[in-house]
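Below are the chains, spelled out letter by letter.
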Amino acid sequence: MNAKENSDGILPDSAIEAMIAAGEIDLATPPDARQVQPASLDLRLGETAYRVRASFLPGRDCAVEKKLDRFKLHAFDITGGAVLETGCVYIVPLLESLALPQEVAASANPKSSTGRLDVFTRVIADNGDAFDQIPAGYRGPLYLEISPRTFPVLVRTGSRLAQIRFRRGHARLSDEELGTLQTTSFVSSDPRFFEGLVLSVDLAGGEDGLIGYRGKRHTGVIDVDRPDAYEVADFWEPLRPSDKAGLILDPDQFYILASREAVHVPAETAAEMVPFDPLVGEFRVHYAGFFDPGFGDDTAGGRGSRAVLEVRSREVPFILEHGQTVGRLVYERMAALPKALYGAGLGSNYQGQALKLSKHFRV
């Protein structure tokens, strides 16, 4: 499978840079270092946050700003930093807006570090009737809905909590195409495919005996822009294997777990985790769903990388057991190869990972 320039697929870093130069992606301030990723663009918070009564979608023929006038409780400046409290919903206009070509659509997801803090984010566009989905040819502003679930967070103008991908035409790989690709590209010796790569949970633990972490309640604030700044024990309870039946997910708790399978995203593909699949249980896995080209790639220092799972049970307690199916990765072809792979000189935080918390915690 060879990705060619101007073919259908996920647009790589070079195409994103060209869209910025052409004004199809409009930046209110110059781009930050490493804002353009191999197959995505980081989105930055603007200057004002709005506390709103509840989450909402604008719907057809309605601007987000008009709905904000109806549902906002108050607005506040975040240029110097502001704390977003747990259990609240905020809307923040982003520094990026779009004037997409008619053949290019986009989708968004929380960044990995955002999801691992249990901060739920969704991108909203004017006239939108779905979160995180921007139709082909969209012209207008972008907004980010933010809802911290476990930890209060400190954010500011320029904080990067979400990312956006651009695609032209049909890009998704079938299971048959994945089966062909796996003979040369996948790390796992016996991958399973069912509408994507099937992933199961590792509850056996590694040499350190850890199988995961459970978020603590009533903690201090986490500054989203401060890596390696916080002690793990102040925010997380370590989990170890039990002789009893599996791991019981409590609906009021947030868990960091890892996949049993190694994950590899070949350079000519990009992948996305399906966040909730009712066929495998009443829980949501992986708020942050994008896997860039080169994740888990041996040449980029990633051989053996696991998918870290951000897990919440939904309405009832749910028992997970070792090896149980928890989700799947959907693969899409790249329209062209990226200039750089994930992890290869990009300062990527999660290449080669096993069970790993967000970059904010000291290890």
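An account of the accompanying structure is given in this report. Since this is a predicted model, take the numbers as computed values, not measurements. (Residues numbered from 1 in each chain as written. Predicted model: local features only at pLDDT ≥ 70, side-chain atom pairs only at ≥ 80, totals over all residues. Heavy atoms only, no water.)

1. Side note on the sheet that holds strand 15 (residues 212-215)
Point 1. Here 5 strands make up an open sheet; going across it, the order is 17-15-19-23-21 and the pairing antiparallel. The two strands at the open ends of the sheet, each matched to only one other strand, are strand 17 (236-239) and strand 21 (283-285). Here the average twist between neighbouring strands, direction ignored, is 30°.
Point 2. Sheet topology places strand 21 next to strand 23 (residues 306-313); 3 bridges connect them, and they run antiparallel. Pairing of R284 across the sheet is with R312, part of strand 23. (Pairing = 2+ DSSP bridges. Helix = DSSP H or I, 4+ residues; strand = E, 2+ residues; numbered from the N terminus. Axes fitted to C-alpha atoms, helices over the stretch in contact; angles between N-to-C directions.)

2. Remarks on the pairing of strand 7 (residues 89-99)
Point 1. Counted residue by residue, strand 7 has 9 buried out of 11 residues, so it is predominantly covered.
Point 2. Pairing geometry for strand 2 (residues 25-27) and strand 7, over 3 bridges, is antiparallel. Paired with L27 across the bridge in strand 7 is E96.
Point 3. Pairing analysis gives 3 bridges linking strand 4 (residues 48-52) to strand 7, with the strands arranged antiparallel. For V52, the partnering residue across the bridge sits in strand 7 and is V89. (Buried < 20%, exposed > 50% of the residue type's maximum accessible area, 1.4 Å probe, protein only.)

3. Notes on the environment of F290
Point 1. Within the secondary structure, F290 sits in strand 22 (residues 290-291).
Point 2. The spacing of F290 and N109 is 181 residues in sequence and 6.9 Å in space, taken between C-alpha atoms.
Point 3. Residues in contact with F290, not counting those within four places in the same chain, are S107, A108, N109, Q163, I164, R165, A271 and E272. (Contact = heavy atoms within 4.5 Å.)

4. Details of the side chain of R122
Point 1. By secondary structure assignment, the location of R122 is in strand 9 (residues 119-125).
Point 2. For R122, a relative accessible area of 19% puts it in the buried group.
Point 3. Looking at R122, its side chain comes within polar contact range of the side chain of S55, at 3.0 Å.
Point 4. Beyond its immediate sequence surroundings of up to four residues, R122 is in contact with S55, F131, D132, Y143, L144 and E145. (Polar contact = N/O pair within 3.5 Å; in protein donor to acceptor, adjacent residues only side chain to side chain.)

5. A closer look at the side chain of R165
Point 1. Summarising the element assignment, R165 is placed in strand 13 (residues 160-168).
Point 2. Judged by relative accessible area, which is 0%, R165 ranks as buried.

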